[in-house]
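Chain by chain, the residues:
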Amino acid sequence: MVKISMLKISAAHFDAVRRHGEETYPHECCGVLLGQMDGDRRVVTAVARCGNTRNDSPHNRYHIDPRELIRIQRQGRERGEDIVGFYHSHPDHPPRWSSTDLDEAHWIGCSYVITSVEKGKAAVTNSFELSGNDENDKKLADEKIEVT
Ligand SMILES: [Zn+2]
């Protein structure tokens, strides 16, 4: 049986993710989604933009500084929010995860949102759940985005 998980996000937060991808075009943007679990659903209550630290290849790679991630996690906890996902953009590429995206995804149970940005305009946005037991059998599975 295939269980489809879901990411619930407000239109304002959804737009913030997409606008970020337009602003950093032709480079990838990246950031963190904070919120709570509601059963199988991840509910986003805040979006934290991150700097893309991949100076070598920012058009098709992203990397979040671990110190920045710890700071975002700590600030979220002070507001009662956990990290529920991550997002990045694919400038002029489809919103499908790459093998590199899977290799670099380590937060099992989190959402990985990818927005394609075509010629500077945000196009399709998809979300994938990182599932599995550990690094060896992790996988990114399609999930629904419910924009509220
Ligand atoms: Zn990617």
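Structure's up top.
Residues numbered from 1 in each chain as written. Predicted model: local features only at pLDDT ≥ 70, side-chain atom pairs only at ≥ 80, totals over all residues. Heavy atoms only, no water.

It is not clear to me how the sheet that holds strand β3 (residues 41-50) should be interpreted in this structure. Could you clarify?
Note on sheets: strands pair through backbone hydrogen bonds, and any given pair is parallel or antiparallel. Spatially, seven strands are ordered β1-β3-β2-β4-β5-β6-β7 in a closed barrel, and the strand pairing comes out mixed. The mean angle between the axes of side-by-side strands here comes to 35°, regardless of whether they run parallel or antiparallel. In the packing of helix α1 (residues 11-24) onto the sheet, contacts are made with β1 (6-9), β2 (30-38), β3, β4 (82-91), β5 (111-118), β6 (121-131) and β7 (139-147), and the angle to β3 comes to roughly 35°. (Pairing = 2+ DSSP bridges. Helix = DSSP H or I, 4+ residues; strand = E, 2+ residues; numbered from the N terminus. Axes fitted to C-alpha atoms, helices over the stretch in contact; angles between N-to-C directions. Contact = heavy atoms within 4.5 Å.)

Looking at this structure, I do not really get the pairing of β3. What am I missing?
Every regular strand shows the same layout, with side chains that alternate between the two sheet faces. Summarising the sheet, β1 and β3 pair through three bridges and their orientation is parallel. Along β3, the bridge assignment pairs L7 with R42. Counted between consecutive antiparallel strands, the loop separating β2 from β3 contains two residues, among which G39 sits at a positive phi close to 65°.

When you look at the pattern of salt bridges in this model, what are you seeing that I'm missing?
Where charged atoms from two side chains of opposite charge come close, those side chains can pair. The full count for this structure, using the stated rule, is 13 salt bridges. In this structure, R54 engages D56 in a salt bridge whose closest nitrogen and oxygen atoms are separated by 2.8 Å. The salt bridge partner of E135 is K138, with a shortest N-O separation of 3.0 Å. Through salt bridges with shared partners, a single ionic network connects R19, E22 and K121. (Salt bridge = Lys/Arg side-chain N within 4 Å of Asp/Glu carboxyl O.)

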